[in-house]
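Descriptive analysis of the structure
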There are 2 protein chains.
Amino acid sequence: MEKQKRFFLQENEIPKAWYNIVADMKNKPLPMLNPKTKQPITLDEMCVLFNKACSEQELNTTDAWIEIPEEVRNLYKNYRSTPLVRAYGLEKALDTPAHIYFKNESVSPIGSHKLNSALAQAYYCKQEGVTNITTETGAGQWGAALSYAAKAFGLELAVFMVKVSYHQKPYRRSIMQTFGAQVIASPSMSTRAGKDILTNNPNYQGSLGTAISEAVELAMQTPNCKYVLGSVLNHVSLHQTVIGLEAEKQMEMAGEYPDVVIGCFGGGSNFGGISFPFMRHNILDGKTTEFLAAEPASCPKLTRGIFQYDYGDEAGYTPMMPMFTLGHNFAPAHIHAGGLRYHGAGTIVSQLIKDGLMRGVDIPQIETFEAATLFARSEGIIPAPESSHAIATAIREAKKAKEEGKEKVILFNLSGHGLIDMTAYDQFISGDLTNYSLPDEVIQSNVDQLEKIIK
Amino acid sequence: MEKQKRFFLQENEIPKAWYNIVADMKNKPLPMLNPKTKQPITLDEMCVLFNKACSEQELNTTDAWIEIPEEVRNLYKNYRSTPLVRAYGLEKALDTPAHIYFKNESVSPIGSHKLNSALAQAYYCKQEGVTNITTETGAGQWGAALSYAAKAFGLELAVFMVKVSYHQKPYRRSIMQTFGAQVIASPSMSTRAGKDILTNNPNYQGSLGTAISEAVELAMQTPNCKYVLGSVLNHVSLHQTVIGLEAEKQMEMAGEYPDVVIGCFGGGSNFGGISFPFMRHNILDGKTTEFLAAEPASCPKLTRGIFQYDYGDEAGYTPMMPMFTLGHNFAPAHIHAGGLRYHGAGTIVSQLIKDGLMRGVDIPQIETFEAATLFARSEGIIPAPESSHAIATAIREAKKAKEEGKEKVILFNLSGHGLIDMTAYDQFISGDLTNYSLPDEVIQSNVDQLEKIIK
């Protein structure tokens, strides 16, 4: 009998609702705060910046299931279901008794999971009569996805792309432009937030936090314009749960249930996307699956950050969120996983860590590229540097399973491919990549500056 | 009722045999000739350069079906079946009554159809105890595919990459290196063929013909080494028929049969792959489907070449083939569709054109990028410059269908994505792309130099 390698769903089996884990959490996340009043943010206050539907989703703590609009589902069908893949090649290369599965979000036309939320957010903006949107992007995965989504719904889009990635990954800039978006390297001189930073540090290569500040500022100054975010917030993770909901059905087709679920971690959306639907069974049905969020050792908010109210952006324009954070003015090292260079974790994930439902794992850059190369050579897919953090963690778990002689079932999310990140692989091949050490004092001096709202 | 967008096969429905159209052709192609004796080439002579299984396939004129080895099928499962997609977005953008379908080979982990033959050829080499292989590549799609296939079967690989593409598409070089291949820009100083060309023309930017000469020469000089080709030859098209065989079943699932089948055309393998399984019904069952091979206007062997015996490579190392050709020393313009910069057509296709079963269509470069951009914005996928020739032809057909008010069913092969060809899109966006005119005298002076074996 032939072993099945990939599992697909029929188009009519693609989920019809997203899963809102907050409704099932025993301890709800602390509320976001209006930074001026320090009071819980209201729907009206959210709607100044974001579209109404997403703002409602953001604050929804009661409905576990939220319907996916038909127009969004129709566009999902361009690439969903994505395959669940049994990594026989990787298992063989590791000689492990573990069964390794990955959910392959890299087959989206944009090359990553980001499209799942981009289509939803662009749809809601269009529905509400918005004409212009702004956003930030790190490595460009989010910006590329939103560029296509904006075009699909006839919206004008301006993307602030973190400068170090703008230069490392010029192809992603071209992709955004091909879809018709305007792309600006951040920090730029076109916003006050950008100017302030460049005045202090003309060579600053940018961060997601800074790019968010610029995108927010432009959105506030542009008529009929909303800001759109690619991670961190609850509604973004909500949209990404389509990943885990599909994976749940597909694991059933494979006749297995994961002992460990792994996602790389930047703001939390791809991690939440693959994890939350399975975590619901830990919360409600007594399952004991482990959930691992793989972050860069050089940007370790989950493993070395503190839990405190902080801003989502560098300039302090966003609401304050209760999060594991390195401080909103933390300047991450120039690792190639641009999508993980973010100072804080979303509020849901931060609460889940406090409640012991999941934990962070930090991976040095070189280990991620070693894992990526092994994966590429055994499965044929060159992974994104971000996703390689999940692969490295899966490999650690598979090796542990071998030591323990256990037939452990490991599931990770391959959030994207790395075909546009080849300069990073070039550096790895030529031995020019480095790990970055991050002394405790640097983290401490950053978080010391935070207002101590949580005493 | 929801409209289905994508059609997949179950893993057990993936074809178990390739289709060899030669067995069904009423007029068989003229034989390949040994260039020294001018006699039909023998199996033993083929085997000097190629592995035995592929040599046998090359000369097989009797068996319509050739079994796909189980090991190859198992690796096909990493990405096959590829989806057949109904291009609702493109239909809407064109406001056409035509039903447009495309077979999406870009979802292969390497990003193109090339893996279908790379896996087969690497497998046969391994089976026969070969340890080293050489090949050429244009844009790098073939080289990237063979790099992974070589790694999957434990072979050492050297790739001669056409110099203009080596510089235009550095990411594809990195991809090959990530899989462990050695990549050399062609013409190089490491072969006599390369040295001869560079002596005459130090700035020559290469062609597929030259790269083939170098790869053949290195293979002949290396112990236990075979040469592996990515297109043109019968056995390569044979392996690619898995595309059309899947598409046939998938079109059935969609409840339609194509009136027109379109593939871009370099050496003929992706075109043959999508076309031959359908063409068999024209030959055997009286169907009247049209088959269109889309070539660059600047490299128009099908529409402006002559039918004559010619070499497959620039230096004249290969057998002589009866082909539509621009002459083996034709130096194509530096268009971005590197995979289509080849002087001749395979022997099967050349015979099929003579027999009126298909025809060539030539498309100027700028039209291909206009088509590519429209396709990207309406379907979300950025196509390879090569595949964009097929898209442009499909768009021409869809517009014609609109003029005629016909509900024509159009099927084209999306042979690959263009995510690594973004410098080309950059040039298009900035208005720097050009069409290339090719005067008749240039073609004439080239083909005048050919020995007139066919009188």
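We now turn to the structure provided with this report. (Residues numbered from 1 in each chain as written. Chains lettered and ligands numbered in written order. Predicted model: local features only at pLDDT ≥ 70, side-chain atom pairs only at ≥ 80, totals over all residues. Heavy atoms only, no water.)

Things to note about the pattern of salt bridges
This model, assessed by the stated rule, comprises 38 salt bridges over all chains. Among the ionic pairs, B:Glu379 bridges to B:Lys5, the shortest N-O distance being 2.9 Å. Of this pair, B:Glu379 sits in helix H15 (residues 365-379) while B:Lys5 sits in the segment before strand S1 (6-7), and the two are 374 residues apart along the sequence. A salt bridge links B:Arg80 to B:Glu246, with the nearest nitrogen and oxygen atoms 2.8 Å apart. Of the two residues, B:Arg80 is situated in the loop between helix H3 (70-76) and strand S4 (84-86) and B:Glu246 in helix H11 (residues 234-254); the sequence distance between them amounts to 166 residues. Residues participating in the shared-partner salt-bridge network are A:Arg80, A:Lys103, A:Glu105 and A:Glu246. (Salt bridge = Lys/Arg side-chain N within 4 Å of Asp/Glu carboxyl O. Helix = DSSP H or I, 4+ residues; strand = E, 2+ residues; numbered from the N terminus.)

A closer look at the sheet that holds strand S15 (residues 409-414) of chain A
Residues and elements named next belong to chain A. Strands sit in the order S1-S4-S5-S15-S10-S11-S14 across an open sheet of seven strands; the sheet is mixed. What marks the edges here is a single partner per strand, and that holds for strand S1 (6-7) and strand S14 (359-363). Bridge count for strand S11 (residues 290-296) against S14 is five bridges, and the pairing is parallel. Note that in S14 the partner of Pro296 across the bridge is Ile363. Together, S1, strand S4 (84-86), strand S5 (99-104) and S15 form the strand contacts of helix H11 (residues 234-254), whose direction differs from that of S5 by roughly 140 degrees. In the packing of helix H16 (residues 385-404) onto the sheet, contacts are made with S5, strand S10 (260-264), S11, S14 and S15, and the angle to S10 comes to roughly 150 degrees. (Pairing = 2+ DSSP bridges. Contact = heavy atoms within 4.5 Å. Axes fitted to C-alpha atoms, helices over the stretch in contact; angles between N-to-C directions.)

Quick notes on the nonpolar core
Counting residues in each nonpolar core, the largest one holds 172 residues, and the members touching the most others are A:Trp18, A:Leu119, B:Trp18 and B:Leu119. Listed in part, the 30 residues of the second largest apolar core include B:Phe102, B:Ile262, B:Leu292 and B:Ala392. (Core = buried A, V, L, I, M, F, W, Y, C linked by side-chain atoms within 4.5 Å. Buried < 20%, exposed > 50% of the residue type's maximum accessible area, 1.4 Å probe, protein only.)

Side note on the relation of the copies chain B and chain A
Laying chain B over chain A is done by rotating through 180 degrees and shifting 0.0 Å along the axis; what remains is an RMSD of 0.0 Å. Expressed as a symmetry operation, the mapping of one chain copy onto the other fits a two-fold axis. Both copies present the same face, since 100% of the interface residues in chain B are matched by interface residues at the equivalent positions in chain A. (Least-squares fit on C-alpha atoms with pLDDT ≥ 70 in both.)

Considerations on unusual backbone geometry
Of the consecutive residues A:Ser186 and A:Pro187, the connecting peptide bond is found in the cis state with omega at 5 degrees. Tracing the chain through its elements places A:Pro187 in the loop between strand S8 (182-186) and helix H9 (192-200). In this structure, B:Ser81 follows B:Arg80 across a cis peptide bond, with omega equal to -5 degrees. Along the chain, B:Ser81 falls in the loop between H3 and S4. At A:Asn224, a residue that is not glycine, the phi angle is positive and equals roughly 55 degrees. With respect to the helices and strands, A:Asn224 occurs in the loop between helix H10 (208-221) and strand S9 (225-227).

Description of the packing of H11(B) against helix H12 (residues 269-285) of chain B
Residues and elements named next belong to chain B. The interhelical angle for the contact between H11 and H12, taken along N-to-C directions, is 55 degrees, at an axis separation of 6 Å. Taken together, the axis directions place H11 and H12 in an arrangement best described as oblique. Judged by the twist between their axes, the crossing of H11 over H12 is right-handed. Between H11 and H12, the residues in contact are Val236, Ser237, Gln240, Thr241, Ile243, Gly244, Leu245, Ala247, Glu248 and Met251 and Ser269, Gly272, Gly273, Ile274, Phe276, Pro277, Phe278, Arg280 and His281, respectively. (Parallel < 35°, antiparallel > 145°, perpendicular 65-115°, else oblique. Left-handed = near helix turned anticlockwise from the far one by under 90°.)

What about the sheet that holds strand S8 (residues 182-186) of chain B?
Residues and elements named next belong to chain B. Strand order in the open sheet formed by four strands is S8-S7-S6-S9, and the pairing between neighbours is parallel. Sheet topology places S8 and strand S9 (225-227) at the edges, where each strand pairs with a single neighbour. When strand polarity is set aside, the average angle formed by the axes of neighbouring strands in this sheet is 20 degrees. As paired strands, strand S6 (residues 132-137) and S9 are joined by three bridges and run parallel to one another. Of the residues in S9, the one forming a bridge with Thr134 is Tyr227. Its contacts with the sheet place helix H8 (residues 170-178) against S6, strand S7 (156-162) and S8, and it is angled at close to 175 degrees to S7.

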